[in-house]
Amino acid sequence: MEKKLNLLLADLVVEYHKLQNFHWYVKGKSFFTLHGKLEELYNSVNKSIDEVAENILIIGGKPLGSLKEFLAHSKIKEEEDRYVCGSYILKEVITDFQYFLNLIKELKIEADEKKMLNYLYKKVITGKNAETETVLKEAVADGYKRLIFPAIEREIRNMLTETAEDNAIKVF
């Protein structure tokens, strides 16, 4: 979890500077609209940077702290200091935010998995026997990963497919 949160932290720091760069170097007819919106976005990202770093500390981890570390770990592409048009900026921002959405979903699934496993451990492991506790934890984790989670995922996909089909029928 710490590793993925540090990846998110590094990506946010690079995105913050990328958005600031776009804010300074936007040109063209969409200047006034994008200039203000980019400032809103980088201020919002800045708040997220602090929240992610604090969450890393809460779980007992160590957040990355240097620009060198952020650049080394980030998957967000840094932007050059050059004037760019609004359409280029929008394409880049949308691509980056879609990446963030996927990364945050992965983090959420991982966090939920840990909660679920802890819940299952408490339900299955009732005594304090060191010899059996390890085996039971392995069995619970294996059962969750191979059987329970895929079944839940399949059920959710089926429900979403049904909803999409119902809505598609209503549209046509």
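Residues numbered from 1 in each chain as written. Predicted model: local features only at pLDDT ≥ 70, side-chain atom pairs only at ≥ 80, totals over all residues. Heavy atoms only, no water.

1. Topic: the overall build of the protein chain
Thinking step 1. Tallying secondary structure elements over the protein chain gives 5 helices and 2 strands in all.
Thinking step 2. Helices and strands in the protein chain line up, N terminus first, as α-β-α-α-β-α-α.
Thinking step 3. Its C-alpha atoms give the protein chain a radius of gyration of 22 Å, more than 25% over the compact-globule value 16 Å for 172 residues.
Thinking step 4. Counting only C-alpha atoms, the protein chain reaches 65 × 55 × 20 Å along its principal axes.
Thinking step 5. The long-range fraction of contacts in the protein chain, counting pairs at least 24 apart against all pairs at least 6 apart in sequence, stands at 76%. (Helix = DSSP H or I, 4+ residues; strand = E, 2+ residues; numbered from the N terminus. Rg over C-alpha atoms; globule rule 2.2 N^0.38 Å. Contact = heavy atoms within 4.5 Å.)

2. Focus: the confidence of the model for the protein chain
Thinking step 1. This prediction gives the protein chain a mean pLDDT of 87; 91% of its residues lie at or above 70.
Thinking step 2. Helix α3 (residues 67–73) holds the highest mean pLDDT among the elements of the protein chain, 97, whereas helix α5 (residues 130–171) holds the lowest, 76. (pLDDT = per-residue confidence, 0-100.)

3. Brief notes about the pattern of salt bridges
Thinking step 1. Considering all chains together, one arrives at 8 salt bridges under this definition.
Thinking step 2. Ionic pairing is found between Glu92 and Lys91, a salt bridge with its closest N-O pair at 3.5 Å.
Thinking step 3. A salt bridge links Lys137 to Glu133; the shortest N-O distance between them is 3.8 Å. Of the two residues, Lys137 and Glu133 both sit in helix α5, 4 residues apart, roughly one turn of that helix.
Thinking step 4. Assessed through its relative accessible area of 34%, Lys137 is described here as partly exposed. (Salt bridge = Lys/Arg side-chain N within 4 Å of Asp/Glu carboxyl O. Buried < 20%, exposed > 50% of the residue type's maximum accessible area, 1.4 Å probe, protein only.)

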